[in-house]
Number of protein chains: 2
Amino acid sequence: MDINRYLQEKKERVDSALEKYLPKRENLTLNLHKAMEHSLFAGGKRIRPILSIASFEAAGGKGERILPFACALEMIHTYSLIHDDLPAIDNDDTRRGKPTCHKVFGEAIAILAGDGLLTEAFRLMANRPEKDHSSCDDALVLDLINEVAHAAGILGMVGGQVVDVESEGRVVDLPTVQYIHTHKTGAMILASVRVGAKLGGAKEPLLKALTRYGESLGLAFQIADDVLNVEGQAALMGKQAGSDRVKGKATYPSVLGVEESKIRSRELVEMAGDALQSLGPEADPLREIARFVVAREY
Amino acid sequence: MDINRYLQEKKERVDSALEKYLPKRENLTLNLHKAMEHSLFAGGKRIRPILSIASFEAAGGKGERILPFACALEMIHTYSLIHDDLPAIDNDDTRRGKPTCHKVFGEAIAILAGDGLLTEAFRLMANRPEKDHSSCDDALVLDLINEVAHAAGILGMVGGQVVDVESEGRVVDLPTVQYIHTHKTGAMILASVRVGAKLGGAKEPLLKALTRYGESLGLAFQIADDVLNVEGQAALMGKQAGSDRVKGKATYPSVLGVEESKIRSRELVEMAGDALQSLGPEADPLREIARFVVAREY
């Protein structure tokens, strides 16, 4: 399969769904809408929603039911970037080569745009457009909302971000770096895979296999990101290479060194692939996404 | 009935439920937990959760099923206060007589504590502790999550907050002040009443009556707050009297004057009472809460 073409097709599907789901602009709150759209359509790779779709389809899911969840995952990811970039946290002026939300719209609107995206994600997941779907679905949807909230919240992404902030400029050990990564990045990657799998109808042992895939991929993804921050080209990344080191961020390269981090990242991608051994070609997109994650140049 | 005793009893019920629902403190994220608890247990009156309980019981609801929703409403209210108080928004150093979250824990942790509370609220609502409850409940719970997200989000509280921020220091007309108040405060007050009503089993025309009550009360509540900001005693309010005027906030007193605002607030409380005309003594707490709202001295 052609992974680049696959990613492009799915990205376009996610982008047009995001446009459809976003509430229409209102006059009085125009800047809020513009700020949300600025960050939501700033050229993100849509890794999380694409993972949820690939996992949904690997589990046998068909049709559009995954799209509200895929878009909610991207909204939550985008809100976290907006808040992370704020002067009080990472103080980043650019992201993906464009000025960050608060640089364009000011800090107040950026904080509120993040709050709005997070809230909108839950509204989207809880929304029941079809009148006639079975009540069994409702129990599943509640379970998925619960799973996403867990991954995004204080026991997941927010918790990881707090430890990341508090570790800045300090010498930290490997378990702390692992905590940061499994919570800050890994939890939402894993949730993306699991939400897709569950909505696609995955039961044990398939759900367990996809969970192991998501765990390995989440960690591989963050290590690859850390390595890219050291070695990547600023023009492709859209931010300064080496910015983690300047800020004294707790990263894999800072604890293990670049070469050891690369080895670890490749091992994790192999583990992610191994987790899918019992699956057929329906899991090829997941396999390719895992390889893509460590092969990125930006 | 003794409204002060009623409020005290319900407040204690909400407080102990909040303590029960909050995730246990973890070592690495200790400051995050402390920051959330600092703001969540800073002496709030618990108006929103108490309204949801009173409305639940007025509609015939019994037992504890309302408590996760009551607590979620308070968590969302608290997150909004933490973010509002940030230097980039209202820049308030004290609230309820205590230092605001970012003054104690720093801006980064305050932003993340707000994010954490908002996310936790949705996790709490989507959580299904009982194994055996009927699937009909699940559809209702999804509807309630949707209602809360709508009230808290860009078409509700966040939208109102954006217009509030952008109106600061400018001459605004009454429709703009009304937009700010119905969205920033009114939407969550109304949602509190409606969530309680729906979970208590209210159907039309009862739901409509309680909705009219919630709409009037929400606006009365904010006007009374604005008047108190002009006239209140700093020691009782826990913040400086007149701070809205200093900041050039768009308020009812700034547009209509204090006396006219008081009249409007009392009219709205009467309208709230009128909406309950078809209800019996089971709605007495709601009637008393409405009177209490404009009779507050702080």
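Residues numbered from 1 in each chain as written. Chains lettered and ligands numbered in written order. Predicted model: local features only at pLDDT ≥ 70, side-chain atom pairs only at ≥ 80, totals over all residues.

Draft legend 1. Expanded view of the nonpolar core. Ranked by size, the top nonpolar core spans 190 residues in total, and within it A:Met125, A:Ile145, A:Ala220, B:Ala113, B:Met125, B:Ile145 and B:Ala220 carry the most contacts. Leaving out residues up to four positions away in the same chain, B:Ile145 has contacts with A:Phe122, A:Ala126, A:Ile145, B:Phe122, B:Met125 and B:Ala126. (Core = buried A, V, L, I, M, F, W, Y, C linked by C-beta atoms within 7 Å. Buried ≥ 20, exposed ≤ 12 C-beta atoms within 10 Å, placed from the backbone. Contact = placed C-beta atoms within 7 Å.)

Draft legend 2. Representation of the confidence of the model for chain A within the structure. In the predicted model, chain A carries a mean pLDDT of 92, and the fraction of residues at 70 or more is 93%. With a pTM of 0.95, the predicted complex shows an ipTM of 0.95. (pLDDT = per-residue confidence, 0-100.)

Draft legend 3. Highlighting the environment of A:His83. Position of A:His83 relative to the elements: it lies in helix α4 (residues 67-85). Residues A:His83 and A:Ile111, spaced 28 residues apart in sequence, show a C-alpha to C-alpha distance of 6.3 Å. Discounting chain neighbours no more than four positions away, the residues touching A:His83 are A:Ile89, A:Gly114, B:Ile111 and B:Asp115. (Helix = DSSP H or I, 4+ residues; strand = E, 2+ residues; numbered from the N terminus.)

Draft legend 4. Quick peek at the relation of the copies chain B and chain A. Overlaying chain B with chain A gives an RMSD of 0.0 Å, the required rotation being 180° about an axis along which the chain moves by 0.0 Å. Both copies are brought into coincidence by an operation consistent with a two-fold rotation axis. Taking C-alpha positions as the reference, the residue of chain B nearest the rotation axis is B:Asp138, at 2.7 Å. (Least-squares fit on C-alpha atoms with pLDDT ≥ 70 in both.)

Draft legend 5. Representation of the interface of chain B and chain A within the structure. Facing the 46 residues of chain B at the interface are 46 residues of chain A. At the level of secondary structure, the elements contributing two or more residues to the side of chain B that touches chain A comprise α2 (30-40), α6 (107-126), α7 (135-152) and α8 (157-167) of chain B. Broken down by class, the residue content of the side of chain B that touches chain A amounts to 27 nonpolar, twelve polar and seven charged. (Nonpolar A, V, L, I, M, F, W, Y, C, P; charged D, E, K, R; others polar.)

Draft legend 6. Structural view of helix α3 (residues 47-58) of chain A. All names here are of chain A. Over its twelve residues, α3 extends 16 Å from the first C-alpha to the last, a length consistent with the 16 Å expected when each residue adds 1.5 Å. Burial within α3 is extensive, with eleven of its twelve residues counted as buried. Every buried residue of α3 is listed here: Ile-47, Arg-48, Pro-49, Ile-50, Leu-51, Ser-52, Ile-53, Ala-54, Ser-55, Phe-56 and Ala-58. In this structure, the buried side of α3 is in contact with α1 (3-21), α4, α9 (174-199), α10 (206-231) and α15 (284-295). Downstream of α3 by one or two residues, Gly-60 has phi in the positive range, about 100°. (Expected span 1.5 Å × (residues − 1).)

Draft legend 7. Structural view of the packing of α10(A) against α15(A). All names here are of chain A. Where α10 contacts α15, the two axes come as close as 8 Å, and the packing angle between them is 20°. Taken together, the axis directions place α10 and α15 in an arrangement best described as roughly parallel. Considering only the axes of α10 and α15, their crossing is left-handed. Contacts between α10 and α15 involve Tyr-213, Leu-217, Ala-220, Phe-221 and Ala-224 on the former and, on the latter, Leu-286, Ala-290, Val-293 and Val-294. Tallied by class, the residues present in the contact of α10 with α15 amount to nine nonpolar, no polar and no charged. (Axes fitted to C-alpha atoms, helices over the stretch in contact; angles between N-to-C directions. Parallel < 35°, antiparallel > 145°, perpendicular 65-115°, else oblique. Left-handed = near helix turned anticlockwise from the far one by under 90°.)

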